[in-house]
Amino acid sequence: MNRGRALIKEVLAALVVRTGIARATRAWLWRDRVAILLYHDPDPATLDRHLTYLRNICELVPLTDVTVPSRGRPRAAITFDDGHVGNAKLLPVFIKHQVRPTIFLCSSIVGRSRSHWWLHPGSLEAGHERLKRMTNTERLAELAAHGYHQDADDRATGLSTDQIEAMRAHVDFQAHTRFHPVLTRCSDSECADEIGTSKHEIETLLRDACEHFAYPNGNYGDREVCFVAAAGYKSARTCDVGWSDHRSDPFRLRTIIIDDDASTRRFAAQLTGIPLFLHYLKKGGGWKGQFPQF
Ligand SMILES: [Zn+2]
């Protein structure tokens, strides 16, 4: 992000916090529901600051608390997508703040010498946004032409098996497909495999039930919801902005995406959901806070 845009974001964040908008959204929108926060690969110091702030304004709960009726206070569940290797450094922060986050793993990337496709240099060359809009077959062919093969040995960008084992007492690991395709660009058989096999791979890795799913890139439709339910998951988190509770559709749980490097002031502003809502609106997501699908 360039310096000018970063400064504008900080000024807007200060406005949201100082004018009482942050407190008002907590009272009127968040209320006693669960804010499912979505991170990717934050550094430990930033996450520590965010959680310190959060503990003063709400209760930190595990993701499964979404199905538990309200106790009258705002709640927040912490989630991470993809299973980045950097997540291993967050363990002391989880322990310090006594949170049990959920990390949604790409089950055929973690625990191996493989790379998430968008972190491979070939993907940068081909252009991320362009690749996301291709059919899955086209995307994989284009990536292969740039030297990336999703099931070949490469630089490990995911958590190792040892790291997952060391974290599991404090972390809930769940599924985020096998290789992180855009599901709405997959054929029926690719989609069913990415969703169903991911569940089995996580269960084999953890020797425990895998019951929760997160849609890669936030792309999903009725077909993906049907496949997730048919595979036996109990819930799925989208990238649609908002709060969730026991009355929510369990396969369309809403989220608040947090910038991994957000200052505490910007974090406070992002918790209102307003920056993400406006971002989606600008991209054509509509008035219901839905991720702009393509
Ligand atoms: Zn992801």
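The structure this text deals with has already been given above.
Bear in mind the structure is a predicted one, so any value in this text is a computation, not a measurement.

### Brief notes about the nonpolar core
One finds Trp30, Leu37, Leu54, Phe94, Phe173, Phe213 and Tyr215 to be the most contacted residues of the largest nonpolar core, which totals 54 residues. Among the nonpolar cores identified, the runner-up in size contains ten residues, and Trp117, Ala126, Leu131 and Phe179 belong to it.

### Quick look at the layout of surface pockets
In this structure, the largest pocket spans a volume of roughly 1700 Å³. Per-element accounting of the lining of the largest pocket gives the leading share, seven residues, to helix H12 (residues 274–282). Broken down by class, the residue content of the lining of the largest pocket amounts to 24 nonpolar, ten polar and twelve charged. Considered as a void within the structure, the second largest pocket measures approximately 170 Å³ in volume. What lines the second largest pocket is Arg100, Arg168, Val171, Asp172, Phe173, Gln174, Ile202, Leu206, Asp208, Ala209, Glu211 and His212.

### Some points on the coordination of the zinc ion
Ligation of the zinc ion by protein atoms is provided by Asp82 (OD), His176 (NE2) and His180 (NE2), these donors lying 2.1 to 2.2 Å from the ion. If you list the donors of the zinc ion from N- to C-terminus, the spacing comes out as D-x93-H-x3-H. The residues His176 and His180 share a single accessibility class, namely buried.

### Re empty space enclosed by the protein
Tallied over the full model, the rule gives one cavity of 30 Å³ or more. Its boundaries defined by the atoms lining it, the largest cavity holds a volume of some 60 Å³. Along its surface, the largest cavity is lined by Ala22, Thr25, Arg26, Trp30, Tyr53, Ile57, Trp243, Ala268, Leu271 and Thr272. Looking at the lining of the largest cavity, the elements with two or more residues in it are helix H2 (21–30) and helix H3 (44–57). Take the lining of the largest cavity: its biggest share by element is four residues, from H2.

### Things to note about the pattern of salt bridges
Within the structure shown, the criterion is met by 19 salt bridges. Between Arg247 and Asp245 there is a salt bridge, and its shortest N-O distance comes to 2.5 Å. Residue Asp245 is classed as buried on the basis of its relative accessible area, which comes to 7%. Put simply, Arg252 and Asp249 hold a salt bridge, and the shortest N to O gap is 2.7 Å. For Arg252, a relative accessible area of 29% translates into the label partly exposed. With a relative accessible area of 33%, Asp249 lands in the partly exposed category.

### Focus on the state of the cysteines
Under the definition given, this model contains zero disulfides. Here Cys106 is not disulfide-linked; the sulfur of Cys210 is the nearest cysteine sulfur, at 12 Å.

### A word on the packing of aromatic side chains
For the coordinates displayed, the defined rule picks out nine aromatic pairs. Relative to Phe267, the ring of Tyr53 has its centre 5.9 Å away and its plane inclined at 80°; by these criteria the two rings are edge-to-face. With a gap of 214 residues between them, Tyr53 in helix H3 and Phe267 in helix H11 (residues 264–270) connect regions that are remote in the sequence. Judged by relative accessible area, Tyr53 falls into the partly exposed class, the value being 23%. Using a relative accessible area of 0% as the deciding quantity, one classes Phe267 as buried.

Calculation criteria
Residues numbered from 1 in each chain as written. Predicted model: local features only at pLDDT ≥ 70, side-chain atom pairs only at ≥ 80, totals over all residues. Heavy atoms only, no water. Core = buried A, V, L, I, M, F, W, Y, C linked by side-chain atoms within 4.5 Å. Buried < 20%, exposed > 50% of the residue type's maximum accessible area, 1.4 Å probe, protein only. 1 Å grid on protein atoms, 1.4 Å probe; cavity = no way out; pocket = protein on both sides within 12 Å on 5 of 7 lines; lining within 4 Å. Points joined across faces, edges and corners; volume = space filled by probe spheres on them. Helix = DSSP H or I, 4+ residues; strand = E, 2+ residues; numbered from the N terminus. Nonpolar A, V, L, I, M, F, W, Y, C, P; charged D, E, K, R; others polar. Donors = N, O, S within 2.8 Å, 3.2 Å for Na, K, Ca; no water. Salt bridge = Lys/Arg side-chain N within 4 Å of Asp/Glu carboxyl O. Disulfide = S-S within 2.5 Å. Phe/Tyr/Trp six-rings, centres within 6.5 Å; stacked < 30°, edge-to-face > 60°.

So far we have only geometry, and geometry alone does not tell us how the molecule works.
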